[in-house]
Amino acid sequence: MLQNLLTKEEFEIIRICLVELSGGSYIDDEESITVAGFDKGAIKQILQQWPNVVFGEYDKSIIFQCFNQLTGFPHEMETQLTNSTNCKTDELVILMDKIRNLPVTKTPYVLE
């Protein structure tokens, strides 16, 4: 269980980043498939489960890759991302590392 491994704020930042990448102009669908290995539909499926997302291997991989795309891809939209998430890129990189180290789960994340 992921209880207490992410704060409510971090959980919300993850959601915002998924929304930004799935609907924003950071990367188009074709680039998403080529660069990250999934399309924006996969992100939208995770968002449809929100806040009852399960951090299984597949979902965790997509969430991690979303952060990787948002923080590392040269889309030159850092200001928009900072305004949307209220976080600087280096703070998102720290959260990305935290996501990478989360245990894989079979049950939804629970916030207290």
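### What about the overall build of the chain?
For the chain, the helix and strand inventory stands at 6 helices and 0 strands. Relative to the 2.2 N^0.38 estimate, which gives 13 Å for 112 residues, the radius of gyration of the chain is 13 Å and therefore close to what a compact globule would have. Structurally, the chain occupies a C-alpha span of about 35 × 25 × 20 Å along its principal axes. Taking all 112 residues of the chain together, 43% fall into the buried category. For the chain, the proportion of contacts with a sequence separation of at least 24, taken over those separated by at least 6, is 76%. For the chain, the exposed area adds up to about 6,200 Å²; of that, 50% sits on carbon and sulfur atoms. Of the side-chain charges in the chain, 9 are positive and 17 negative, and the distance between the mean point of each set is 7 Å.

### Describing the confidence of the model for the chain
The predicted model of the chain has a mean per-residue pLDDT of 83, with 90% of residues at 70 or higher. At the low end of the mean pLDDT range in the chain sits helix α2 (residues 29–36), at 74; at the high end sits helix α6 (residues 89–100), at 91.

### Some points on unusual backbone geometry
In this structure, the amide linkage connecting Trp50 to the following residue, Pro51, adopts the cis form with an omega of 10°. In this structure, Pro51 sits in the loop between α3 (40–49) and α4 (57–72). We note that Asn86 has phi near 60°; this positive angle belongs to a residue other than glycine. Relative to the elements of secondary structure, Asn86 occurs in the loop between α5 (78–85) and α6.

### Quick notes on the state of the cysteines
On inspection of all chains with the given rule, the structure shows 0 disulfides. As a non-bridged cysteine, Cys66 has Cys17 as the owner of its nearest cysteine sulfur, 8.4 Å distant. With no disulfide of its own, Cys87 lies closest to Cys17 among cysteine sulfurs, the gap being 7.4 Å.

### Some thoughts on helix α1 (residues 8–23)
Taking 1.5 Å as the rise per residue, α1 with 16 residues should run 22 Å; its terminal C-alpha atoms sit 22 Å apart, in good agreement. Every buried residue of α1 is accounted for by Glu10, Phe11, Ile13, Ile14, Ile16, Cys17, Leu18, Glu20, Leu21 and Ser22. Residues of α1 that are buried sit in contact with α3, α4, α5 and α6.

### Points about the pattern of salt bridges
In this structure the tally under the stated criterion is 3 salt bridges. For Asp97, the salt bridge identified is with Arg100, shortest N-O distance 2.4 Å. With a gap of 3 residues between them, Asp97 and Arg100 both fall in helix α6, about one helical turn apart.

Criteria and cut-off values
- Residues numbered from 1 in each chain as written.
- Predicted model: local features only at pLDDT ≥ 70, side-chain atom pairs only at ≥ 80, totals over all residues.
- Heavy atoms only, no water.
- Helix = DSSP H or I, 4+ residues; strand = E, 2+ residues; numbered from the N terminus.
- Rg over C-alpha atoms; globule rule 2.2 N^0.38 Å.
- Buried < 20%, exposed > 50% of the residue type's maximum accessible area, 1.4 Å probe, protein only.
- Contact = heavy atoms within 4.5 Å.
- Areas by Shrake-Rupley, 256 points an atom, 1.4 Å probe, with all protein chains shown as cover.
- Lys, Arg positive; Asp, Glu negative; His and termini not counted.
- Charge placed at Lys NZ, Arg CZ, Asp CG, Glu CD.
- pLDDT = per-residue confidence, 0-100.
- Disulfide = S-S within 2.5 Å.
- Expected span 1.5 Å × (residues − 1).
- Salt bridge = Lys/Arg side-chain N within 4 Å of Asp/Glu carboxyl O.

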